[in-house]
Amino acid sequence: MRLSELTHPNQLHGLSTAELEDVACQIRERHLQVVSTSGGHLGPGLGVVELTIALYQTLDLDHDRVVWDVGHQAYPHKLLTGRFSRFDTLRQQNGVAGYLKRTESPFDHFGAGHASTSISAALGMALARDQRGENFKCVAVIGDGALTGGMALEAINHAGHLPNTPLLVVLNDNDMSISPPVGALSSYLNKIRHSPPLQFLTDSVEESVKNLPFMGGELPAELKSIKGSMRRLAVPKLGAVFEELGFTYMGPVDGHDIAEMKRSFEAAHRLGSPVLVHVLTTKGKGYPYAEADQVGYHAQSAFDLTTGKSIPSNSPKPPSYSKVFGQTLVKICQDDPLVVGITAAMATGTGLDLLQKAVPKQYVDVGIAEQHAVTLAAGMACEGLKPVVAIYSTFLQRAYDQVIHDVGIQNLPVTFVLDRAGIVGADGPTHQGQYDISYLRAVPNFTVMAPKDEAELQKMLVTSLEHPGPCALRIPRGSGAGVPLIEEGWESLKIGRGEILIEGDDLLIVAYGSMVQPAVQTSKLLGEFGINSTVINARFLRPLDQALINPLARRIGKVVTMEEGALAGGFGSAVIESLVDQDIHVRTLRIGIPDKLVDHASPQQSKDSLGLTPSQMREKIIEFFQYNTNIVSNTSNQPLNTKL
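Keep in mind the model is a prediction, meaning the values are calculated, not measured.

Cut-offs applied
Throughout this description, residue numbers start from 1 for each chain and increase along the sequence as written. Confidence filtering applies because this is a predicted model: local features only for residues at pLDDT of at least 70, side-chain atom pairs given and counted only at 80 or more, and all residues used for totals across whole chains, interfaces and linings. Side-chain numbers here rest on the full set of heavy atoms in the structure, without hydrogens or water. In this text, helices come from DSSP runs of H or I with a minimum length of four residues, and strands from runs of E with a minimum of two, each type numbered from the N-terminal end. The buried label applies to any residue whose accessible area, calculated with a 1.4 Å probe on protein chains only, is under 20% of its type's maximum; exposed applies above 50%, and partly exposed to all values in between. Note on contacts: a residue pair is in contact if any heavy atoms of the two residues lie within 4.5 Å. Residue exposure ignores everything except the shown protein chains as possible cover, and the areas themselves are Shrake-Rupley values with a 1.4 Å probe. Here a salt bridge means any side-chain nitrogen of Lys or Arg lying within 4 Å of a carboxyl oxygen belonging to Asp or Glu. Stacked, tilted and edge-to-face are the three classes applied to pairs of Phe, Tyr and Trp rings, where Trp contributes its six-membered ring and a pair requires centres within 6.5 Å; stacked means planes under 30 degrees apart, edge-to-face means over 60, and tilted covers the rest. A ring has a charge above it when a Lys NZ or an Arg CZ is no more than 6 Å from the ring centre and no more than 35 degrees off the ring normal. At least two bridges found by DSSP between two strands is the condition for calling them paired. Between the N-to-C directions of two axes lies an angle of 0 to 180 degrees, each axis being a line fitted to C-alpha atoms and, for a helix, fitted only over the stretch in contact. For a helix, the expected span equals 1.5 Å multiplied by the residue count minus one. Should an angle lie under 35 degrees it is considered roughly parallel, over 145 roughly antiparallel, and from 65 to 115 roughly perpendicular; all remaining angles are considered oblique. Working rule for handedness: look at the near helix, and if it is turned counterclockwise from the far one by less than a right angle, call the crossing left-handed; if clockwise, right-handed. Three classes are used, and their members are as follows: Ala, Val, Leu, Ile, Met, Phe, Trp, Tyr, Cys and Pro are nonpolar, Asp, Glu, Lys and Arg are charged, and the others, Gly among them, are polar.

A. Structural detail: the overall build of the protein. Broken down by element type, the protein carries 25 helices and 19 strands. Here the protein holds 644 residues, and the buried ones make up 56% of them. Long-range contacts, defined as pairs at least 24 residues apart, comprise 76% of the intrachain contacts of the protein with a sequence gap of at least 6. Here the protein displays about 27,000 Å² of accessible surface, and carbon together with sulfur accounts for 53% of that area.

Printed below as a string of structure tokens:
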């Protein structure tokens, strides 16, 4: 079977183990070739190649349902479901998505970009199946740390109370979860325990005892206890936990032995109840560099397959916002033992890996558990610590109740640094950080800000830690603006104060965060048509600098707001509300992300499609305010602060 000829996973049915192992080799080859060229998630998919093949040997995906947790484990799934020929478009505009997407393939039964959702979704499908009187299998594949998420545990708790609801949970244990040893005895005990004869014998004995006249149809508590004790002798300690929660536990199983996994999955399907099959895999399997560095090769930009090293950029870039944040926090923590950095399993992505190495006692990783991270920080703040919670904008959404209930309402001094705010590119709709401006505006007691460059980020971090209440600051993905950094002695900013960068009488542009630089560029382009703008770096969303913005809006009479976030309830809405509240009624153009999902593409491609480039924004402004562009004059716009 050539992988390139595979259009349906059912074509694998009936192949020998040797033939399936050959398909596994082809998957790894294609996986490595594409990711080394275009970038993407590497280690997770390499680790589940055999698991995917073995599972699909026992399923018919035209009818049965499979929910992959997170989705970055599912590259082999994509290659087995007819996307081989287009796989080299992975994570590119109009190409194959990096995560599961229901609109991309009928075999993507549930979309997934955030962790810990699979068991809930698969259980929901199973309950719907039973309600409708249908008959198909429901499987959740969870792992790569996702079992630490509270939602997964909530779903396990629920499923365990439904003994007559067939559901298979596959725990992909690649050292991100507890790993009991694999051995012949464990395999033998599971084989015996779940064999049809033993199941029949157990059920028969129990039924016979219950039918004795003096039993009254119930099994005595003492016998139930003995039965449970005997059952626990046959499973590892981890298995006993799942058994107590109502699941039948099977495993651990070698996650790279197709035949053994196939037998386990077939046995699990026969039980007709909630079953957890514990599969041990090696993250990055088949690529030595990824096996040796499972964190570093979780996801990669383009790299050299021979050496495993990233392909360097053609031109040097300024340090990323994440790195500047991490370096600054390290210095702050070294001077102040009360400051603590908290991450939810994203140390490298947020820059907190630098803190972990430099000041490990002031670093906390809670795993994929954003809700816990926020309330943990609230508890720390109650006792005098200064927690800094670094979470991607898209992931903080998962802890919104905790942000309001545990931090905002109690007015606790917790600092949130929202990385990947705004357009993030190739990860697509599940990862765009476009909603945090809107969802943080309404939280009580919060101060919300965004820097125009990496030097202002340093000042805002100090400002947050000195402020007695909760603060949030958003930073974009990627490199900074390249301005000189302040090495020490950072000065805090005055809360709620913006700054004027350029003065002009024809138009007022109020920009927030990552849109300040494009606003300055747009102003210069407008100047080519003799349109002179005042440009404000708002700095603060909450509190908004009304004392600066509103008088200028009243005098100039034309206002443009710019933000890299959703327009619905966003920064522009905050400015308009402020103007209306003071009875200032002027024409206002809001520029930002409209009410639409932003699909996977490069950040620049996304901004082009959304009309967020300086030249596009100039055209929007000219059209909206109906400026006469026939007269061209030299711009008189002069920056007041040339170090933007």
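B. Focus on the pattern of salt bridges. Within the structure shown, the criterion is met by 23 salt bridges. Here Arg83 and Asp108 are joined by a salt bridge, their closest N and O atoms 2.8 Å apart. Of this pair, Arg83 sits in the loop between α4 (75-80) and α5 (118-131) while Asp108 sits in the loop between α4 and α5, and the two are 25 residues apart along the sequence. Exposure remark for Arg83: the relative accessible area of 5% places this residue in the buried category. Asp108 gets classed as buried once you look at its relative accessible area, which sits at 2%. In this structure, the salt-bridge partner of Asp419 is Arg420, at a minimum N-O distance of 3.2 Å. For Asp419, a relative accessible area of 1% puts it in the buried group. Salt bridges here are not isolated pairs; linked through shared partners, they connect Lys452, Asp453, Glu456, Glu499 and Arg539.

C. Summary view of the side chain of Thr447. Note that Thr447 resides in strand β12 (residues 447-449). Overall, the relative accessible area of 5% leaves Thr447 in the buried class. Leaving out residues up to four positions away in the same chain, Thr447 has contacts with His467, Pro470, Cys471, Ala472, Ile495, Phe540, Arg542 and Pro543.

D. Structural detail: the packing of aromatic side chains. Counted under the stated rule, the structure contains twelve aromatic pairs. Ring plane angle 10 degrees and centroid distance 5.1 Å describe the contact between Tyr512 and Phe571, whose orientation is recorded as stacked. Taken together, the positions of Tyr512 in the loop between β15 (507-511) and α21 (516-527) and Phe571 in helix α23 (residues 571-581) put the pair 59 residues apart, joining distant regions of the chain. On the basis of relative accessible area, Tyr512 is assigned to the buried category, the value being 1%. A relative accessible area of 0% means that Phe571 is categorised as buried. What links up through ring pairs into an aromatic cluster is the set Tyr287, Tyr289, Tyr297 and Phe303. Sitting over the face of the ring of Phe136, Arg65 holds its NZ or CZ atom 4.3 Å from the ring centroid. The residue whose ring lies beneath Arg587 is Phe624, and the NZ or CZ to ring-centre distance is 4.2 Å.

E. Highlighting the sheet that holds β15. The strand order across the open sheet built from five strands is β14-β16-β15-β18-β19, with neighbouring strands paired in mixed fashion. Both outer strands of the open sheet, β14 (499-502) and β19 (587-593), are each paired with one neighbouring strand and no more. Averaged over all neighbouring strand pairs, the angle between strand axes comes to 25 degrees, with direction disregarded. Bridge analysis of strand β18 (residues 558-566) against β19 gives six bridges, and the strand direction is parallel. Along β19, the bridge assignment pairs Val560 with Leu589. Its contacts with the sheet place helix α25 (residues 614-625) against β15, β18 and β19, and it is angled at close to 150 degrees to β19.

F. Seen up close, the pairing of strand β13 (residues 471-474). A two-sided burial pattern is seen for β13, the buried positions comprising Cys471 and Leu473 on one face and Ala472 and Arg474 on the other. Note: strand β11 (residues 415-419) against β13, four bridges, orientation parallel. Paired with Thr415 across the strands is Cys471, a residue of β13. Of the pairings in the sheet, the one linking β12 to β13 comprises three bridges and is parallel in character.

G. Quick peek at α21. Helix length check: α21, at twelve residues, gives a terminal C-alpha distance of 17 Å against a target of 16 Å (1.5 Å per residue), a fit within 8%. For α21, every residue scored as buried is listed here: Val516, Pro518, Ala519, Val520, Thr522, Ser523, Leu526 and Gly527. Looking at the buried positions of α21, the neighbouring elements they touch are β14, β15, β16 (533-537), β18 and α25.

H. Layout of the packing of α21 against α25. It is at 9 Å that the axes of α21 and α25 come closest, and there the two elements cross at 60 degrees. For the element pair α21 / α25, the angle class is oblique. Where α21 crosses over α25, the two elements pack in a sense that is right-handed. Contacts from Pro518, Gln521, Thr522, Leu525 and Leu526 in α21 reach Pro614, Ser615, Met617, Arg618, Ile621 and Ile622 in α25. Considered class by class, the residues forming the contact of α21 with α25 number seven nonpolar, three polar and one charged.

I. Just the sheet that holds strand β9 (residues 363-365), in detail. The seven strands lie next to each other as β9-β8-β10-β11-β13-β12-β17, forming an open sheet whose pairing is mixed. One side of each edge strand has no neighbouring strand; the edge strands of this open sheet are β9 and β17 (540-542). On average, each strand axis in the sheet is inclined to that of its neighbour by 20 degrees, with strand direction left out of account. Packed on one face of the sheet, helix α16 (residues 370-382) meets β8 (339-343), β9, β10 (386-392) and β11 and runs near 165 degrees to β10.

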